[in-house]
Amino acid sequence: MKSDGDATQARNLRTGLPVWLAHRVRDAPDHRPIHGLTVDVAVIGGGVSGALVADAMLQAGQTVAVFDRRGLSKGSTPASTALLQFEIDKPLMILGDKIGHASAARAYWRSAAAIDQLRGRIDDLGLRCGFRERHTAYLPGNVLNLAGLRREAEARVRIGLRSRFVDRDELRRQTNVDKPGAIWSSGSAEVDPVRLVRGLWRSVIARGGSVYTPVEIVDIDPGRSAVSLSTDGGAVIRAKSVVLATGYELAKMLHPKGYKVISTWVMATVPQKRNLWPSRCLIWEAADPYLYIRTTVDNRVVVGGEDQDFSDDAHRDRLIPGKIKRIQAKLKKLIPQLDTEADFAWAGCFGDSVTGLPAIGQVPGAKGCYAVMGFGGNGITFSVIAAQMLQRAVLGLPDPDSDLFALA
(Lines give C-alpha, C1' and ligand atoms only; values in the text may rest on other atoms or scores of the structure.)
Protein backbone atom coordinates (compact mmCIF):
# COMPACT_ATOMS: atom_id res chain seq x y z
CA MET A 1 0.00 0.00 0.00
CA LYS A 2 1.53 3.25 -1.12
CA SER A 3 0.39 6.66 0.13
CA ASP A 4 -0.75 9.33 -2.30
CA GLY A 5 1.11 12.63 -1.91
CA ASP A 6 1.64 13.81 1.65
CA ALA A 7 1.43 10.76 3.88
CA THR A 8 -0.73 12.48 6.52
CA GLN A 9 -3.41 15.14 6.60
CA ALA A 10 -2.34 18.63 7.58
CA ARG A 11 -4.58 20.28 10.17
CA ASN A 12 -4.44 23.37 12.39
CA LEU A 13 -4.49 21.47 15.67
CA ARG A 14 -4.85 24.31 18.17
CA THR A 15 -5.31 28.05 18.57
CA GLY A 16 -4.67 30.39 21.50
CA LEU A 17 -2.10 30.16 24.27
CA PRO A 18 -2.27 27.00 26.41
CA VAL A 19 -1.14 27.46 29.99
CA TRP A 20 1.62 24.89 29.50
CA LEU A 21 3.40 27.29 27.13
CA ALA A 22 3.56 30.07 29.73
CA HIS A 23 7.08 28.94 30.61
CA ARG A 24 9.84 29.11 28.04
CA VAL A 25 10.93 25.82 26.58
CA ARG A 26 14.05 25.12 24.58
CA ASP A 27 13.40 23.59 21.18
CA ALA A 28 15.29 20.55 20.02
CA PRO A 29 17.70 21.43 17.22
CA ASP A 30 16.41 20.96 13.68
CA HIS A 31 17.95 18.17 11.62
CA ARG A 32 17.34 16.84 8.11
CA PRO A 33 17.65 13.10 7.50
CA ILE A 34 20.45 11.64 5.42
CA HIS A 35 19.43 9.85 2.23
CA GLY A 36 19.81 6.11 2.71
CA LEU A 37 19.32 6.15 6.47
CA THR A 38 18.32 2.71 7.80
CA VAL A 39 16.80 2.03 11.22
CA ASP A 40 14.80 -0.63 13.00
CA VAL A 41 11.82 1.63 13.77
CA ALA A 42 10.74 4.92 12.22
CA VAL A 43 8.25 6.94 14.25
CA ILE A 44 6.18 9.63 12.52
CA GLY A 45 4.93 12.14 15.07
CA GLY A 46 6.63 14.27 17.71
CA GLY A 47 3.87 14.35 20.32
CA VAL A 48 3.11 12.24 23.36
CA SER A 49 2.34 9.05 21.42
CA GLY A 50 5.51 9.31 19.38
CA ALA A 51 7.62 10.04 22.47
CA LEU A 52 6.30 7.09 24.44
CA VAL A 53 6.61 4.74 21.46
CA ALA A 54 10.18 5.87 20.77
CA ASP A 55 11.05 5.36 24.45
CA ALA A 56 9.57 1.85 24.42
CA MET A 57 11.43 0.89 21.23
CA LEU A 58 14.75 2.03 22.70
CA GLN A 59 13.99 -0.01 25.80
CA ALA A 60 13.65 -3.02 23.51
CA GLY A 61 17.06 -2.41 21.93
CA GLN A 62 15.74 -1.06 18.62
CA THR A 63 17.36 1.77 16.65
CA VAL A 64 14.88 4.62 16.27
CA ALA A 65 14.43 7.62 13.98
CA VAL A 66 11.64 10.15 14.55
CA PHE A 67 10.10 12.57 12.04
CA ASP A 68 7.70 15.47 12.59
CA ARG A 69 6.47 18.16 10.21
CA ARG A 70 6.47 20.93 12.86
CA GLY A 71 8.83 20.07 15.67
CA LEU A 72 8.68 18.12 18.91
CA SER A 73 5.54 18.69 21.01
CA LYS A 74 4.32 21.49 18.74
CA GLY A 75 1.07 19.89 17.61
CA SER A 76 -1.76 18.76 19.90
CA THR A 77 0.43 18.19 22.97
CA PRO A 78 0.21 21.76 24.37
CA ALA A 79 -3.59 21.71 23.93
CA SER A 80 -3.98 18.72 26.23
CA THR A 81 -5.44 19.20 29.69
CA ALA A 82 -3.59 16.07 30.83
CA LEU A 83 -6.15 14.59 33.19
CA LEU A 84 -4.60 11.13 33.51
CA GLN A 85 -7.57 8.91 34.24
CA PHE A 86 -8.15 5.19 34.09
CA GLU A 87 -11.82 6.02 33.51
CA ILE A 88 -12.79 5.80 29.84
CA ASP A 89 -15.22 8.23 28.20
CA LYS A 90 -17.81 5.46 28.03
CA PRO A 91 -18.92 4.27 31.49
CA LEU A 92 -18.06 0.66 32.29
CA MET A 93 -21.72 -0.44 32.04
CA ILE A 94 -22.29 1.24 28.68
CA LEU A 95 -18.98 0.01 27.27
CA GLY A 96 -19.94 -3.48 28.41
CA ASP A 97 -23.19 -3.29 26.45
CA LYS A 98 -21.18 -2.35 23.34
CA ILE A 99 -18.24 -4.77 23.45
CA GLY A 100 -19.17 -7.30 26.14
CA HIS A 101 -18.71 -6.91 29.88
CA ALA A 102 -15.57 -9.06 30.11
CA SER A 103 -13.92 -6.99 27.38
CA ALA A 104 -15.00 -3.76 29.06
CA ALA A 105 -13.44 -4.93 32.32
CA ARG A 106 -10.18 -5.67 30.49
CA ALA A 107 -10.21 -2.21 28.87
CA TYR A 108 -10.71 -0.44 32.20
CA TRP A 109 -8.01 -2.46 33.92
CA ARG A 110 -5.56 -1.94 31.05
CA SER A 111 -6.16 1.79 31.39
CA ALA A 112 -5.64 1.65 35.16
CA ALA A 113 -2.39 -0.25 34.71
CA ALA A 114 -1.22 2.37 32.19
CA ILE A 115 -1.33 5.12 34.84
CA ASP A 116 0.90 3.01 37.09
CA GLN A 117 3.23 2.30 34.15
CA LEU A 118 3.56 6.00 33.33
CA ARG A 119 4.23 6.88 36.98
CA GLY A 120 7.04 4.35 37.04
CA ARG A 121 8.55 5.54 33.77
CA ILE A 122 8.55 9.16 34.95
CA ASP A 123 10.41 8.01 38.08
CA ASP A 124 12.83 5.87 36.04
CA LEU A 125 13.82 8.80 33.82
CA GLY A 126 13.72 11.43 36.57
CA LEU A 127 11.31 13.63 34.62
CA ARG A 128 10.24 16.88 36.31
CA CYS A 129 6.83 17.32 34.77
CA GLY A 130 4.41 18.19 37.57
CA PHE A 131 3.13 14.63 37.98
CA ARG A 132 0.75 14.42 40.93
CA GLU A 133 -1.45 11.51 41.98
CA ARG A 134 -5.11 12.55 42.19
CA HIS A 135 -8.55 11.17 42.95
CA THR A 136 -11.39 11.77 40.52
CA ALA A 137 -14.96 12.83 41.19
CA TYR A 138 -17.40 11.69 38.49
CA LEU A 139 -20.57 13.78 38.73
CA PRO A 140 -24.09 12.93 37.52
CA GLY A 141 -25.13 14.19 34.08
CA ASN A 142 -27.22 13.39 31.03
CA VAL A 143 -25.40 10.07 30.41
CA LEU A 144 -25.70 8.72 33.97
CA ASN A 145 -28.06 10.18 36.55
CA LEU A 146 -27.63 9.56 40.26
CA ALA A 147 -29.15 6.08 40.09
CA GLY A 148 -26.98 5.30 37.09
CA LEU A 149 -23.88 6.42 38.97
CA ARG A 150 -24.75 4.06 41.82
CA ARG A 151 -25.04 1.14 39.39
CA GLU A 152 -21.80 2.17 37.67
CA ALA A 153 -20.00 2.27 41.03
CA GLU A 154 -21.33 -1.20 41.85
CA ALA A 155 -20.15 -2.51 38.48
CA ARG A 156 -16.66 -1.13 39.11
CA VAL A 157 -16.52 -2.60 42.61
CA ARG A 158 -17.44 -6.05 41.20
CA ILE A 159 -14.32 -6.10 39.04
CA GLY A 160 -12.12 -4.65 41.77
CA LEU A 161 -11.62 -1.12 40.45
CA ARG A 162 -10.64 1.73 42.73
CA SER A 163 -14.05 3.39 42.88
CA ARG A 164 -16.92 3.90 45.32
CA PHE A 165 -20.08 5.96 45.48
CA VAL A 166 -20.01 9.00 47.80
CA ASP A 167 -22.99 11.00 49.06
CA ARG A 168 -23.61 14.75 48.97
CA ASP A 169 -21.85 15.47 52.27
CA GLU A 170 -18.63 13.66 51.40
CA LEU A 171 -18.60 15.11 47.89
CA ARG A 172 -18.97 18.63 49.30
CA ARG A 173 -16.14 18.05 51.79
CA GLN A 174 -13.79 16.87 49.05
CA THR A 175 -14.72 19.22 46.20
CA ASN A 176 -16.99 22.07 47.40
CA VAL A 177 -19.42 20.81 44.75
CA ASP A 178 -23.06 20.61 45.85
CA LYS A 179 -24.41 17.58 44.00
CA PRO A 180 -26.39 14.63 45.40
CA GLY A 181 -23.51 12.20 44.92
CA ALA A 182 -20.63 11.07 42.71
CA ILE A 183 -18.23 8.22 41.98
CA TRP A 184 -14.99 8.74 43.88
CA SER A 185 -11.96 6.95 42.40
CA SER A 186 -8.28 6.68 43.21
CA GLY A 187 -5.47 5.81 40.82
CA SER A 188 -5.54 8.87 38.55
CA ALA A 189 -3.08 11.74 38.17
CA GLU A 190 -2.29 15.05 36.51
CA VAL A 191 0.81 16.25 34.67
CA ASP A 192 2.18 19.15 32.65
CA PRO A 193 1.97 17.58 29.16
CA VAL A 194 4.61 19.79 27.54
CA ARG A 195 7.19 19.14 30.25
CA LEU A 196 6.37 15.41 30.15
CA VAL A 197 6.79 15.10 26.39
CA ARG A 198 9.87 17.30 26.14
CA GLY A 199 11.45 15.32 28.99
CA LEU A 200 10.75 12.08 27.14
CA TRP A 201 12.31 13.45 23.95
CA ARG A 202 15.41 14.61 25.80
CA SER A 203 15.79 11.08 27.14
CA VAL A 204 15.22 9.52 23.70
CA ILE A 205 17.87 11.75 22.12
CA ALA A 206 20.35 11.17 24.97
CA ARG A 207 19.96 7.41 24.51
CA GLY A 208 20.71 7.46 20.79
CA GLY A 209 17.34 8.12 19.16
CA SER A 210 17.59 10.30 16.03
CA VAL A 211 15.08 13.14 15.63
CA TYR A 212 14.47 14.94 12.34
CA THR A 213 12.34 18.11 12.28
CA PRO A 214 10.78 19.88 10.52
CA VAL A 215 10.49 17.04 8.02
CA GLU A 216 7.43 16.05 6.00
CA ILE A 217 7.00 12.38 5.14
CA VAL A 218 5.36 12.46 1.71
CA ASP A 219 5.32 8.76 0.86
CA ILE A 220 5.18 5.46 2.75
CA ASP A 221 5.88 2.32 0.72
CA PRO A 222 5.74 -1.02 2.54
CA GLY A 223 7.97 -3.66 0.96
CA ARG A 224 8.68 -7.32 1.60
CA SER A 225 11.61 -6.77 3.93
CA ALA A 226 11.40 -3.06 4.86
CA VAL A 227 9.26 0.07 4.63
CA SER A 228 10.56 2.98 2.54
CA LEU A 229 9.82 6.55 3.64
CA SER A 230 10.30 9.51 1.33
CA THR A 231 10.69 13.04 2.69
CA ASP A 232 9.83 16.41 1.24
CA GLY A 233 13.57 17.00 0.82
CA GLY A 234 14.04 13.95 -1.38
CA ALA A 235 15.64 11.65 1.20
CA VAL A 236 14.60 8.00 1.35
CA ILE A 237 14.72 6.14 4.67
CA ARG A 238 14.31 2.42 5.18
CA ALA A 239 12.91 0.91 8.36
CA LYS A 240 11.92 -2.57 9.42
CA SER A 241 8.84 -1.05 11.08
CA VAL A 242 7.03 2.28 10.91
CA VAL A 243 4.76 3.67 13.62
CA LEU A 244 2.23 6.33 12.61
CA ALA A 245 1.78 8.46 15.73
CA THR A 246 0.34 11.48 13.95
CA GLY A 247 -2.59 12.16 16.28
CA TYR A 248 -5.53 13.87 14.61
CA GLU A 249 -3.64 14.38 11.36
CA LEU A 250 -4.54 10.92 10.18
CA ALA A 251 -2.26 8.96 7.89
CA LYS A 252 -3.87 8.60 4.47
CA MET A 253 -3.34 4.84 4.47
CA LEU A 254 -5.75 4.64 7.43
CA HIS A 255 -9.48 4.42 6.82
CA PRO A 256 -10.98 4.13 10.30
CA LYS A 257 -14.69 3.62 10.76
CA GLY A 258 -16.58 5.11 13.67
CA TYR A 259 -13.89 7.69 14.48
CA LYS A 260 -14.19 11.45 14.18
CA VAL A 261 -12.28 14.57 15.14
CA ILE A 262 -14.07 17.06 17.37
CA SER A 263 -13.23 20.48 18.78
CA THR A 264 -12.86 21.36 22.44
CA TRP A 265 -12.31 24.66 24.27
CA VAL A 266 -10.24 25.18 27.41
CA MET A 267 -9.26 27.96 29.80
CA ALA A 268 -6.96 28.35 32.80
CA THR A 269 -7.82 30.76 35.59
CA VAL A 270 -5.57 33.10 37.51
CA PRO A 271 -3.67 31.47 40.42
CA GLN A 272 -5.98 31.17 43.46
CA LYS A 273 -4.68 28.76 46.07
CA ARG A 274 -7.15 29.85 48.77
CA ASN A 275 -10.18 29.16 46.56
CA LEU A 276 -9.28 25.64 45.45
CA TRP A 277 -11.21 22.61 46.66
CA PRO A 278 -9.60 20.60 49.50
CA SER A 279 -8.75 17.40 47.61
CA ARG A 280 -7.66 19.07 44.34
CA CYS A 281 -9.12 16.00 42.65
CA LEU A 282 -9.94 15.77 38.96
CA ILE A 283 -13.61 16.56 38.33
CA TRP A 284 -15.70 15.54 35.34
CA GLU A 285 -19.28 14.73 34.47
CA ALA A 286 -21.23 11.73 33.25
CA ALA A 287 -22.49 13.94 30.44
CA ASP A 288 -22.12 14.45 26.71
CA PRO A 289 -20.45 16.83 26.24
CA TYR A 290 -18.86 16.88 29.66
CA LEU A 291 -17.09 19.53 31.69
CA TYR A 292 -13.61 18.55 32.90
CA ILE A 293 -11.69 20.34 35.64
CA ARG A 294 -8.27 20.09 37.31
CA THR A 295 -5.78 22.26 39.16
CA THR A 296 -2.15 23.06 38.31
CA VAL A 297 1.06 23.16 40.33
CA ASP A 298 0.85 26.97 40.41
CA ASN A 299 -2.72 26.87 41.79
CA ARG A 300 -4.76 27.61 38.68
CA VAL A 301 -7.94 25.85 37.61
CA VAL A 302 -7.94 24.33 34.12
CA VAL A 303 -11.45 23.74 32.82
CA GLY A 304 -12.71 22.70 29.42
CA GLY A 305 -15.61 21.31 27.47
CA GLU A 306 -18.33 22.59 25.14
CA ASP A 307 -17.17 19.98 22.62
CA GLN A 308 -18.68 19.79 19.15
CA ASP A 309 -17.86 18.20 15.82
CA PHE A 310 -14.87 19.72 14.03
CA SER A 311 -15.83 21.62 10.87
CA ASP A 312 -12.79 23.77 10.15
CA ASP A 313 -10.24 25.56 12.28
CA ALA A 314 -11.45 29.07 11.33
CA HIS A 315 -14.98 28.28 12.54
CA ARG A 316 -13.58 26.65 15.71
CA ASP A 317 -11.48 29.73 16.45
CA ARG A 318 -14.37 32.18 15.96
CA LEU A 319 -16.22 30.33 18.70
CA ILE A 320 -13.50 30.76 21.35
CA PRO A 321 -14.91 33.88 23.12
CA GLY A 322 -18.44 32.51 23.39
CA LYS A 323 -17.32 29.03 24.40
CA ILE A 324 -15.05 30.41 27.13
CA LYS A 325 -17.91 32.50 28.55
CA ARG A 326 -20.10 29.39 28.77
CA ILE A 327 -17.32 27.40 30.40
CA GLN A 328 -16.81 30.20 32.94
CA ALA A 329 -20.53 30.22 33.75
CA LYS A 330 -20.60 26.44 34.23
CA LEU A 331 -17.53 26.55 36.46
CA LYS A 332 -18.98 29.36 38.61
CA LYS A 333 -22.25 27.48 39.03
CA LEU A 334 -20.47 24.28 40.01
CA ILE A 335 -17.90 25.79 42.41
CA PRO A 336 -19.09 29.33 43.29
CA GLN A 337 -16.06 30.42 45.34
CA LEU A 338 -13.69 30.18 42.35
CA ASP A 339 -12.42 33.20 40.46
CA THR A 340 -13.31 32.33 36.86
CA GLU A 341 -11.21 35.02 35.18
CA ALA A 342 -9.48 33.41 32.17
CA ASP A 343 -5.72 33.98 32.21
CA PHE A 344 -5.23 31.56 29.30
CA ALA A 345 -7.68 30.29 26.69
CA TRP A 346 -7.29 27.93 23.77
CA ALA A 347 -9.08 25.61 21.38
CA GLY A 348 -7.91 22.26 20.13
CA CYS A 349 -8.84 18.98 18.51
CA PHE A 350 -9.34 15.58 19.98
CA GLY A 351 -10.85 12.38 18.72
CA ASP A 352 -13.97 10.44 19.45
CA SER A 353 -14.83 6.81 18.82
CA VAL A 354 -17.99 4.78 19.16
CA THR A 355 -16.58 2.92 22.15
CA GLY A 356 -14.36 5.64 23.61
CA LEU A 357 -11.40 3.32 22.98
CA PRO A 358 -8.33 4.00 20.83
CA ALA A 359 -7.24 2.05 17.77
CA ILE A 360 -3.76 0.56 18.03
CA GLY A 361 -2.01 -2.04 15.93
CA GLN A 362 -0.90 -3.09 12.48
CA VAL A 363 -2.31 -1.18 9.52
CA PRO A 364 -4.39 -3.63 7.47
CA GLY A 365 -2.68 -4.51 4.20
CA ALA A 366 0.57 -2.69 5.05
CA LYS A 367 3.32 -5.00 6.30
CA GLY A 368 5.54 -3.43 8.91
CA CYS A 369 3.26 -0.42 9.40
CA TYR A 370 1.61 0.25 12.75
CA ALA A 371 -0.60 3.08 13.94
CA VAL A 372 -1.67 4.78 17.16
CA MET A 373 -5.06 6.45 17.06
CA GLY A 374 -5.51 7.66 20.64
CA PHE A 375 -9.13 8.63 20.16
CA GLY A 376 -11.09 9.35 23.33
CA GLY A 377 -10.55 11.68 26.25
CA ASN A 378 -7.68 9.63 27.72
CA GLY A 379 -5.06 10.43 25.09
CA ILE A 380 -1.95 10.15 27.28
CA THR A 381 -3.21 7.02 29.02
CA PHE A 382 -3.95 5.41 25.66
CA SER A 383 -0.50 6.43 24.38
CA VAL A 384 1.08 4.46 27.23
CA ILE A 385 -0.97 1.41 26.21
CA ALA A 386 0.04 1.92 22.58
CA ALA A 387 3.74 2.03 23.45
CA GLN A 388 3.47 -1.27 25.31
CA MET A 389 1.46 -2.97 22.56
CA LEU A 390 3.60 -1.79 19.66
CA GLN A 391 6.84 -2.68 21.41
CA ARG A 392 5.53 -6.23 21.66
CA ALA A 393 4.29 -6.22 18.06
CA VAL A 394 7.68 -5.14 16.69
CA LEU A 395 9.37 -7.85 18.77
CA GLY A 396 6.90 -10.46 17.50
CA LEU A 397 5.31 -10.95 20.91
CA PRO A 398 1.55 -11.28 21.51
CA ASP A 399 -0.41 -8.77 23.57
CA PRO A 400 -3.39 -10.05 25.56
CA ASP A 401 -5.55 -7.03 24.69
CA SER A 402 -4.76 -6.59 21.00
CA ASP A 403 -8.33 -7.57 20.12
CA LEU A 404 -9.72 -4.65 22.17
CA PHE A 405 -7.85 -2.01 20.20
CA ALA A 406 -7.36 -3.52 16.74
CA LEU A 407 -7.35 -1.13 13.78
CA ALA A 408 -9.44 -3.42 11.61
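Residues numbered from 1 in each chain as written. Predicted model: local features only at pLDDT ≥ 70, side-chain atom pairs only at ≥ 80, totals over all residues. Heavy atoms only, no water.

Colleague: For the packing of aromatic side chains, give the residues involved together with the corresponding values.
Modeller: Tallying each qualifying case throughout the model produces five aromatic pairs. Taking the centre distance of 6.5 Å and the plane angle of 75° together, the rings of Phe-86 and Tyr-108 count as edge-to-face. Taken as a pair, Phe-86 in the loop between strand E4 (83-84) and helix H2 (92-99) and Tyr-108 in helix H3 (residues 101-125) lie far apart in primary sequence, 22 residues in all. Between Trp-284 and Tyr-290, the ring centres sit 5.2 Å apart and the planes meet at 70°, which makes this aromatic pair edge-to-face. Take Trp-284 and Tyr-290: they sit in the same class, and that class is buried. Among the aromatic residues, those joined into a ring-pair cluster are Tyr-138, Trp-284, Tyr-290 and Tyr-292. Above the ring of Trp-265, the side-chain terminus of Lys-323 is found at 4.7 Å from the ring centroid. (Phe/Tyr/Trp six-rings, centres within 6.5 Å; stacked < 30°, edge-to-face > 60°. Helix = DSSP H or I, 4+ residues; strand = E, 2+ residues; numbered from the N terminus. Buried < 20%, exposed > 50% of the residue type's maximum accessible area, 1.4 Å probe, protein only. Lys NZ or Arg CZ within 6 Å of the ring centre and 35° of its normal.)

Colleague: Give me the lowdown on helix H4 (residues 146-158), citing residues and values where you can.
Modeller: A rise of 1.5 Å per residue sets the reference length of H4, with its 13 residues, at 18 Å; its end C-alpha atoms lie 19 Å apart and thus fit the reference within 8%. Among all positions of H4, only Gly-148, Leu-149, Glu-152, Ala-153, Ala-155 and Arg-156 are buried. End-on, the buried residues of H4 take up no more than an arc of 160°, which puts them together on one face. Those residues of H4 that are buried are in contact with H2, H3, strand E5 (132-139), strand E6 (163-167) and strand E7 (181-190). (Expected span 1.5 Å × (residues − 1). Arc of directions from axis to C-beta. Contact = heavy atoms within 4.5 Å.)

Colleague: An account of unusual backbone geometry is needed here, citing residue identities and associated values.
Modeller: Glycine aside, the phi torsion of most residues is negative, and most peptide linkages are trans. A cis amide bond links Thr-213 with the next residue in sequence, Pro-214, at an omega value of -15°. Considering the arrangement of structural elements, one finds Pro-214 in the loop between strand E8 (210-212) and strand E9 (217-222). Here the amide bond leading from Asp-288 into Pro-289 is cis, since omega sits at 0°, within 30 degrees of zero. Counting through the fold element by element, Pro-289 comes out in the loop between strand E13 (282-285) and strand E14 (292-295). A positive phi angle, near 65°, is found at Asn-176, a position not held by glycine. Mapping Asn-176 onto the fold places it in the loop between helix H5 (168-175) and E7. You will see that Glu-306, though not glycine, has its phi angle at about 60°, which is positive. Tracing the sequence through the fold places Glu-306 in strand E15 (residues 301-309). Accessibility expressed as a relative area gives 11% for Glu-306, which makes it buried.

None of the figures reported here should be taken as evidence of function without further support.
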